[in-house]
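Listed below, chain by chain, are the residues.
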Amino acid sequence: MEELIAKRYTKAIFDGANAKTVKNIAIVFSTLAESFKDDKFVSIIDNPYVSADDKSKILLDSVKAVKSKEITNFIKLIVENKRIDIIPAIAEEMRKNVATSTKIYEGKIYSNEKIDAKVVTELSKGLGKKFDAKISLVSVKNDFDGIKVDVEDLGVEINFSKARINSQMIEHIIKAI
């Protein structure tokens, strides 16, 4: 439900703005979304005894340095409609829209072994060429036995599991016999 509402707000703010403004607004909301990871901040924002004006003032003070009328009005609208809690969802939706419009994506490579930086770079270039985009990949070490590449915003997931390759080789050998 939050995602649908966030998409509407994002669409409204992005419709009349140029690419630079959109990117700046996305950065501001990304920073605001980081504030929601702080328990003290969330307790103040969720507190029913704190007035909407005070909540608005807190949010506006945190983005005051940007000096943007669009952002100020947007935050006032969010507070007025009692949608403060969806700011992280709005920030995520804005990040996705900016990535789509600029064709710059981020992804992760999961493996249980350390992956060489050269391999990461080659995979980034190869995927970028395939999808006509700039893709930056980060290696994440976990317990996956093989390699899994995930670029969520593009909807791309590629994995090579050692167990799966072994089972396919066994099947192929059995068929050959």
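Overview of the structure.

Calculation criteria
Residues numbered from 1 in each chain as written. Predicted model: local features only at pLDDT ≥ 70, side-chain atom pairs only at ≥ 80, totals over all residues. Heavy atoms only, no water. Helix = DSSP H or I, 4+ residues; strand = E, 2+ residues; numbered from the N terminus. Rg over C-alpha atoms; globule rule 2.2 N^0.38 Å. Buried < 20%, exposed > 50% of the residue type's maximum accessible area, 1.4 Å probe, protein only. Contact = heavy atoms within 4.5 Å. Lys, Arg positive; Asp, Glu negative; His and termini not counted. Charge placed at Lys NZ, Arg CZ, Asp CG, Glu CD. Salt bridge = Lys/Arg side-chain N within 4 Å of Asp/Glu carboxyl O. Phe/Tyr/Trp six-rings, centres within 6.5 Å; stacked < 30°, edge-to-face > 60°.

**Thoughts on the overall build of the chain**
Here's step 1: The helix and strand inventory of the chain stands at 8 helices and 4 strands.
Here's step 2: Reading the chain from its N end, one meets helices and strands in the order α-α-α-α-α-α-β-α-β-β-β-α.
Here's step 3: Against the globule reference of 16 Å for 177 residues, the chain gives a C-alpha radius of gyration of 22 Å, more extended than a compact globule.
Here's step 4: For the chain, the C-alpha atoms occupy an extent of roughly 75 × 35 × 30 Å along the three principal directions.
Here's step 5: Split into buried and exposed, the 177 residues of the chain put 32% on the buried side.
Here's step 6: Residue pairs at least 24 apart in sequence account for 65% of intrachain contacts in the chain once pairs closer than 6 positions are excluded.
Here's step 7: Side-chain charges in the chain split into 30 positive and 27 negative, and the spacing between the mean points of these groups amounts to 5 Å.

**With respect to the pattern of salt bridges**
Here's step 1: Scanning the model with the defined rule gives 7 salt bridges in all.
Here's step 2: Glu 34 is the salt-bridge partner of Lys 37, the closest N and O atoms lying 3.3 Å from each other.
Here's step 3: For Lys 37, a relative accessible area of 61% gives the class exposed.
Here's step 4: The salt bridge partner of Arg 95 is Asp 153, with a shortest N-O separation of 2.6 Å. Here the residue Arg 95 occupies a position in helix 6 (residues 87–102), and Asp 153 occupies one in the loop between strand 3 (146–151) and strand 4 (156–161), the gap between them amounting to 58 residues.
Here's step 5: On the basis of relative accessibility, which here comes to 21%, the residue Asp 153 falls in the partly exposed class.

**Considerations on the side chain of Asp 150**
Here's step 1: Its place among the elements puts Asp 150 in strand 3.
Here's step 2: Put simply, Asp 150 is tucked away with no salt bridge, and the nearest opposite charge, on Lys 148, sits 5.6 Å away.
Here's step 3: Apart from residues lying up to four places away in sequence, Asp 150 is in contact with Gly 107, Lys 108, Tyr 110, Val 156 and Glu 157.

**Examining the packing of aromatic side chains**
Here's step 1: Per the stated rule, a full pass over the model turns up 3 aromatic pairs.
Here's step 2: A centroid spacing of 5.9 Å and a plane angle of 70° characterise the contact between Tyr 9 and Phe 74, whose relative ring orientation is edge-to-face. Of the two residues, Tyr 9 is situated in helix 1 (residues 2–15) and Phe 74 in helix 5 (residues 69–80); the sequence distance between them amounts to 65 residues. Both residues of the pair, Tyr 9 and Phe 74, count as buried.
Here's step 3: Relative to Phe 41, the ring of Phe 36 has its centre 5.1 Å away and its plane inclined at 85°; by these criteria the two rings are edge-to-face.
Here's step 4: Here Phe 36 falls in the buried class, since its relative accessible area comes to 16%.

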